[in-house]
Amino acid sequence: MLDILPQWLKDGIGDDLLFWFGYFTNGKHLTWYASVQYTLAAAVFGALAALLMGLAGAALRNARFAPARLLGALYINMVRGVPDVLFFLFFPLAFEQLVELIRAQGVCTPESLAASAGQWPPCDAANWFLGTPEYLALACVSLGIVYGAFAANVIAGAMTAVPRGQLEAARAFGFSKAQVLWRFHIRQMWIYALPGLSNVWMLIIKATSLLSLLQIADIVLWADRLGAPNFTRSAGLVHPDWRWGYYLVLLVFYILLTFLSEKVFAAVTRWAGRGMSVASPA
């Protein structure tokens, strides 16, 4: 990056500032800045997956069919009890091995199976090479499954919080069941669900720090690499352990992201509550 600066600008700034400008604009730091996209993508698409899973789980939880209610209750209660890190590691690994097992049925020969007995995948031809896009997609699905259980609990409670008298009044005016559901029940449900869903969103933001566990070079992994003590044979110790400084940057980043999220959810809550006689959230 220093090469694009004009000479008069280089002469006008001090050597220390010139060094730090070059240091924070080198290739590794630019890659660190670009890795923010993985964190934001995992948060957004993970939240969308969690919302879809939450709606499905809430529908099962409030279904009239007893087996459906049991399935919804099992999903909500069991998944919420699993540690996030454990499921975040389990689901991608289990999915990867399932794909390799299916592939092995068609590409592995008896000779290759015998040569790789006791190893995984069953044969080299069945190996499924995952890159960053695939791992990122699996991470979003993992976040959706885990936090969809929390969202389902929030949405199920919000559905029951809608005053029954308004729904009965809508039926009395001749609206069909589908119209009552979409125009009244779900429309009013959001004002009760948004405070809880905002908490789920905050949890998803925090969980994006686990992306490095899936070999995704995200902001946490790059902060650890850049801040670790750096030695080279030609220059010796380039810098000592600076990880505390890089982690401090991550702390500020997540605080700012949380602050912006609160502002967005406050605006969405005001929009969803227009025309409704409910107490506004603090």
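Scope of this entry: the structure provided in the associated data block. (Residues numbered from 1 in each chain as written. Predicted model: local features only at pLDDT ≥ 70, side-chain atom pairs only at ≥ 80, totals over all residues. Heavy atoms only, no water.)

As for the overall build of the protein
Here is step 1: Across its full length, the protein carries 12 helices and 2 strands.
Here is step 2: Moving toward the C terminus, one meets the helices and strands of the protein in the order α-α-α-α-α-α-α-α-α-α-α-β-β-α.
Here is step 3: Pairs at least 24 apart in sequence give 69% of the contacts found in the protein among residues at least 6 apart.
Here is step 4: For the protein, the accessible surface area stands at approximately 16,800 Å², while carbon and sulfur atoms represent 68% of it. (Helix = DSSP H or I, 4+ residues; strand = E, 2+ residues; numbered from the N terminus. Contact = heavy atoms within 4.5 Å. Areas by Shrake-Rupley, 256 points an atom, 1.4 Å probe, with all protein chains shown as cover.)

Digging into a positive patch on the surface
Here is step 1: On the surface, R64, R164, R171 and K177 cluster together into a patch of positive charge.
Here is step 2: Along the chain, R171 turns up in helix 9 (residues 164–172). (Patch = residues over 30% accessible without salt bridge, like charges linked within 9 Å, V, L, I, M, F, W, Y side chains within 5 Å. Salt bridge = Lys/Arg side-chain N within 4 Å of Asp/Glu carboxyl O. Lys, Arg positive; Asp, Glu negative; His and termini not counted. Charge placed at Lys NZ, Arg CZ, Asp CG, Glu CD.)

Quick notes on the nonpolar core
Here is step 1: Counting 45 residues, the largest nonpolar core has W32, F88, L143, Y147, W201 and I204 as the members making the most contacts within it.
Here is step 2: At the level of elements, helix 4 (36–61), helix 5 (66–80), helix 6 (84–107), helix 8 (132–161), helix 10 (177–207), helix 11 (219–227) and helix 12 (243–272) are the ones that each hand at least two residues to this core.
Here is step 3: Tallying contributions element by element places helix 8 first for this core, with 10 residues.
Here is step 4: Ignoring anything within four residues of it in the chain, the contact list for I204 reads A43, G46, A47, A50, L143 and Y147.
Here is step 5: Within the second largest apolar cluster, 14 residues are counted, among which are I155, I186, A193 and L197. (Core = buried A, V, L, I, M, F, W, Y, C linked by side-chain atoms within 4.5 Å. Buried < 20%, exposed > 50% of the residue type's maximum accessible area, 1.4 Å probe, protein only.)

Comments concerning the packing of aromatic side chains
Here is step 1: Tallying each qualifying case throughout the model produces 9 aromatic pairs.
Here is step 2: One Lys or Arg, R225, reaches over the ring of W222 and ends 5.2 Å from the middle of that ring. (Phe/Tyr/Trp six-rings, centres within 6.5 Å; stacked < 30°, edge-to-face > 60°. Lys NZ or Arg CZ within 6 Å of the ring centre and 35° of its normal.)

Here's the deal with the packing of helix 6 against helix 8
Here is step 1: Here helix 6 crosses helix 8 at 130°, and the two axes come no closer than 9 Å. Here helix 6 lies oblique to helix 8, going by the angle between them. The way helix 6 lies across helix 8 gives a crossing that is right-handed. Taking contact as the criterion, the partners of D84, F87, F88, F91, P92, F95 and E96 in helix 6 are, on helix 8, Y135, L138, A139, V141, S142, L143, I145, V146 and Y147.
Here is step 2: Considered class by class, the residues forming the contact of helix 6 with helix 8 number 13 nonpolar, 1 polar and 2 charged. (Axes fitted to C-alpha atoms, helices over the stretch in contact; angles between N-to-C directions. Parallel < 35°, antiparallel > 145°, perpendicular 65-115°, else oblique. Left-handed = near helix turned anticlockwise from the far one by under 90°. Nonpolar A, V, L, I, M, F, W, Y, C, P; charged D, E, K, R; others polar.)

Focus on the packing of helix 4 against helix 8
Here is step 1: Direction vectors running N to C along helix 4 and helix 8 enclose 40°, while the axes themselves pass 5 Å from each other. The angle between helix 4 and helix 8 places the two elements in the oblique class. Judged by the sense of rotation from one axis to the other, the crossing of helix 4 with helix 8 is right-handed.
Here is step 2: Per-class residue counts for the contact of helix 4 with helix 8 are 18 nonpolar, 7 polar and 1 charged.

Here's the deal with a nonpolar patch on the surface
Here is step 1: A contiguous nonpolar patch, built from W244, L248, L251, V252, I255 and L256 and spanning about 640 Å² of accessible area, is present on the exposed surface.
Here is step 2: Secondary-structure assignment places L248 in helix 12.

A look at the environment of G46
Here is step 1: Checked against the element boundaries, G46 lands in helix 4.
Here is step 2: Sequence-wise, G46 and A207 are 161 residues apart; in three dimensions their C-alpha atoms are separated by 9.9 Å.
Here is step 3: For G46, the residues in contact, after removing those within four places along its chain, are A41, C140, L143, G144 and I204.

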